[in-house]
Amino acid sequence: MILVIGGAGYIGSHIVKELLEQGRDVIVLDNLTTGKRDAVDPRAELIEADLSDRKVLKELFQSKPIEAVMHFAANSLVGESVNKPYKYYENNVGKTIILLEEMKEANINNFVFSSTAAVYGIPETDLISEDLATKPINPYGRSKLMVEHILEDAFQAHGLNYVTLRYFNAAGAYHTGEIGESHDPETHLIPIILGHLLGERESISVFGTDYPTQDGTCIRDYIHVSDLASAHILAVDALIDKKVDRRVYNLGNGAGYSVKEVIEACQEVTGIQANVVESPRRAGDPAVLVASSKKIRDELNWAAKYDLNAIISSAWNWHKNRTY
């Protein structure tokens, strides 16, 4: 049985569905502040509670045969983290410590952590590998890196087995169109574009067209949420089967797509022309951010399957018929 913390969120809900499709028993714990009840597959048991509720965690760990925990419950808005750092350290770090303490008490020793490539800050290389120095530039990235350090300390202190997965931009939707990407406020490029094409906003802004890239716009790493799900499931199985004990892996498509390429792909998939407004660069935006997935490919035989058109097609299928 797998416990998915934050399983009503965008990424968590997709992983829950993939686990269930494989015949796994799944419990979701989510306080539903940003997660959506309708995104949770009804085959999973949903416990509406906050991660900081020790009583709920104790009862859950004592009553259920949980063999691994997957953790997605984090605040993740970079701008908000700058303005509200205490919120991010309390939720992303403090509450994770509570979870890890209760896991230790219950002798549950397998942990998959959803981290972020934001721990690298502004890297000096275009292709990011796991041995690159971690220099986060905002409280969100720092909060995730703090948890990574805590996990290593927990391994050294009492043998916690963990896999940390770092990635940039999850995108796309489940192949049936049942669940997809929904944030409030929405800050991610692909749903912003698709929302615009559905008439939800008048235009979309391109921040900077003079970067040293092939078309002058920033290049970013976009990865299908189902590819992320397969990586997380490979990771949890590797822990349960004792194939790994502590690992940090990047997840990425290895190439990246420019902002203009994403806009053009959205127009091609939907058949609708976008109203694009060119705006000045945003402070701190690197020209290229792309993650290398060589390590997880070599060790767990994982690779991204979906290209940009497949990502956008699945997202469009959901956005046209979204129910939450």
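Above this text you will find the structure in question.
Residues numbered from 1 in each chain as written. Predicted model: local features only at pLDDT ≥ 70, side-chain atom pairs only at ≥ 80, totals over all residues. Heavy atoms only, no water.

Caption draft 1: Structural view of helix 7 (residues 225-240). The first and last C-alpha atoms of helix 7 sit 23 Å apart over 16 residues, in line with the 22 Å expected at 1.5 Å per residue. Most of helix 7 sits out of view: 12 of its 16 residues are buried. Listed in full, the buried residues belonging to helix 7 are V225, S226, D227, L228, A229, A231, H232, I233, A235, V236, A238 and L239. Phi for K242, located one or two positions after helix 7, is positive at around 60°. (Helix = DSSP H or I, 4+ residues; strand = E, 2+ residues; numbered from the N terminus. Expected span 1.5 Å × (residues − 1). Buried < 20%, exposed > 50% of the residue type's maximum accessible area, 1.4 Å probe, protein only.)

Caption draft 2: Region of the structure containing the packing of helix 2 (residues 54-63) against helix 4 (residues 85-105). Running from amino to carboxyl end, helix 2 crosses helix 4 at an angle of 35°, the nearest separation of the two axes being 10 Å. As for how helix 2 packs across helix 4, the hand of that crossing is right-handed. Listed contacts from helix 4 to R54, L57, K58 and F61 of helix 2 are I98, L99, E101, E102 and M103. Among the residues forming the contact of helix 2 with helix 4, the class breakdown is 5 nonpolar, no polar and 4 charged. (Axes fitted to C-alpha atoms, helices over the stretch in contact; angles between N-to-C directions. Left-handed = near helix turned anticlockwise from the far one by under 90°. Contact = heavy atoms within 4.5 Å. Nonpolar A, V, L, I, M, F, W, Y, C, P; charged D, E, K, R; others polar.)

Caption draft 3: Quick peek at the sheet that holds strand 1 (residues 2-5). Across the sheet, 7 strands lie side by side as 3-2-1-4-5-7-12; this open sheet has parallel pairing. Each end of this open sheet is capped by a strand with a single partner; those strands are strand 3 (45-48) and strand 12 (246-251). Averaged over all pairs of adjacent strands, the angle between strand axes in this sheet comes to 15°, irrespective of strand direction. As paired elements, strand 7 (residues 161-167) and strand 12 share 6 bridges and run parallel to each other. In the sheet register, V163 faces strand 12, and the bridge partner there is R247. (Pairing = 2+ DSSP bridges.)

Caption draft 4: Main features of the sheet that holds strand 15 (residues 288-291). Ordered by their spatial adjacency, 4 strands build an open sheet running 6-15-10-13, and the pairing between neighbours is mixed. The open sheet is flanked by strand 6 (127-128) and strand 13 (257-258), the only strands paired with a single partner. Sheet topology note: the strand 10 (residues 219-220)/strand 13 ladder contains 2 bridges and is antiparallel. Bridging across to strand 13, R220 finds its partner in Y257.

Caption draft 5: Quick peek at unusual backbone geometry. Along the chain, D184 connects to P185 via a cis peptide bond; the corresponding omega equals 5°. Within the fold, P185 resides in the loop between strand 8 (169-171) and helix 6 (189-197). For K242, which is not glycine, the phi torsion reads 60° and is therefore positive. Summarising the element assignment, K242 is placed in the loop between helix 7 and strand 12. We classify K242 as exposed; its relative accessible area is 69%. Located in the positive-phi region is N301, a residue other than glycine, with phi close to 60°. With respect to the helices, strands and loops of the structure, N301 is situated in the loop between helix 9 (294-300) and helix 10 (308-320).

Caption draft 6: Local environment of the packing of aromatic side chains. Counted according to the given criterion, the structure contains 2 aromatic pairs. Centroid distance F111 to F113: 6.4 Å. Interplanar angle 10°. Geometry classified as stacked. Across this residue pair, the class does not change: F111 and F113 are buried. The side chain of R281 reaches across the aromatic face of Y211, ending 3.9 Å from its centre. (Phe/Tyr/Trp six-rings, centres within 6.5 Å; stacked < 30°, edge-to-face > 60°. Lys NZ or Arg CZ within 6 Å of the ring centre and 35° of its normal.)

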